[in-house]
Amino acid sequence: MSNIEQTLSIIKPDAVERNLQDQIKTEFKNKGFEIVKEKKLHISKDEAEKFYKVHESKPFYNDLCTYLSSGPIVVMILQKENAILDNRKFMGATNPQEAEVGTIRKKYGISIDKNSVHGSDNLENSKIEIDFFFKD
Ligand code: ADP
Ligand code: MG
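Residues numbered from 1 in each chain as written. Chains lettered and ligands numbered in written order. Predicted model: local features only at pLDDT ≥ 70, side-chain atom pairs only at ≥ 80, totals over all residues. Heavy atoms only, no water.

Here we look at the overall build of the chain
What counts is decided by this rule: Helix and strand labels come from DSSP, where a helix needs a run of H or I of at least four residues and a strand needs a run of E of at least two; each type is numbered from the N terminus. As defined in this context, the radius of gyration uses C-alpha atoms, and a globule is described by 2.2 Å times the residue total to the power 0.38. Only protein chains enter the accessibility calculation, which uses a 1.4 Å probe. A residue is then buried if its area is under 20% of the maximum for its type, exposed if over 50%, and partly exposed in between. Working definition of accessibility: Shrake-Rupley area with a 1.4 Å probe, residue cover restricted to the visible protein chains.
The helix and strand inventory of the chain stands at seven helices and four strands. Tracing the chain from N to C terminus, the helices and strands come up as β-α-α-β-α-α-β-α-α-β-α. Since a compact globule built from 136 residues should have a radius of gyration of about 14 Å, the 14 Å found for the chain is in line with a globular shape. With respect to the three principal axes, the spread of C-alpha positions in the chain is 40 × 35 × 25 Å. Buried residues in the chain amount to 45% of all 136 residues. Within the structure as shown, the chain displays about 7600 Å² of accessible surface, and the carbon and sulfur contribution to it stands at 49%.

Some points on the sheet that holds strand 3 (residues 73–81)
Condition: We treat two strands as partners when DSSP finds at least two bridges between them. Only the stretch in contact is used when fitting a helix axis, every axis being a line fitted to C-alpha atoms; angles between N-to-C directions are given from 0 to 180 degrees. By definition in these notes, contact holds between two residues if any of their heavy atoms fall within 4.5 Å.
Strand order in the open sheet formed by four strands is 2-3-1-4, and the pairing between neighbours is antiparallel. Because the sheet does not close on itself, it has two edges, and the strands there are strand 2 (34–41) and strand 4 (117–119). Neighbour-to-neighbour, the strand axes of the sheet open up by a mean angle of 20 degrees, direction not taken into account. Looking at chain direction, strand 2 and strand 3 are connected through seven bridges and run antiparallel. If you follow Ile35 over to strand 3, its bridge partner there is Leu78. Packing against the sheet, helix 7 (residues 123–134) makes contact with strand 1 (4–11), strand 2, strand 3 and strand 4, and its axis sits at approximately 55 degrees to strand 1.

Notes on the site of ligand 1
Note the threshold: Whether a residue is near a molecule or strand depends on its heavy atoms: if one lies within 4 Å, it is near. For the purposes of these results, a polar contact is taken to be a pair of N or O atoms within 3.5 Å, where, inside protein, one atom must be able to donate a hydrogen and its partner to accept one; residues adjacent in sequence count only when each atom of the pair is a side-chain atom.
Near ligand 1 the following residues occur: Lys12, His55, Phe60, Leu64, Arg88, Thr94, Arg105, Ile112, Asp113 and Asn115. A distance of 2.8 Å separates an oxygen atom of ligand 1 from a polar atom in the side chain of Arg88. Calculation on ligand 1 without its partners gives an accessible area of 530 Å², and the protein chains cover 76% of this total.

Written out as structure tokens, the structure reads:
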């Protein structure tokens, strides 16, 4: 049975700053993801705090929100069979140093905070995150 899903992907400020967005988009397309919608934007710290609310209690929350709002990002809806889990696998571990060879974070990530991409971690969050950026 087919299980076409959509997930939210973000190309984070460190990657946009290095002008890697086209290369990363090509990586996703080559892996079979369709980019259904995309936009480039620069969010405020308040918006970043709302987006990352689940991490509110973490020691890195403030830095994380400052970082995500520090420069332009590219947000995308990615679609394919099992998109949510496959995107998580293709992104690699949160810490690029621990990410497997061939993953986006291994290739492009700089550090645990500047790890180049975000991806929804489950079906419920994918819907919330897609709505966050694309509800009109
Ligand atoms: P992921 O992005 O892999 O889903 P998390 O949801 O756990 O990871 O964390 C969200 C983001 O917060 C990470 O992508 C990373 O940029 C940042 N982060 C996570 N853990 C740390 C940490 N220990 N120190 C600094 N930043 C962190
Ligand atoms: Mg996460």
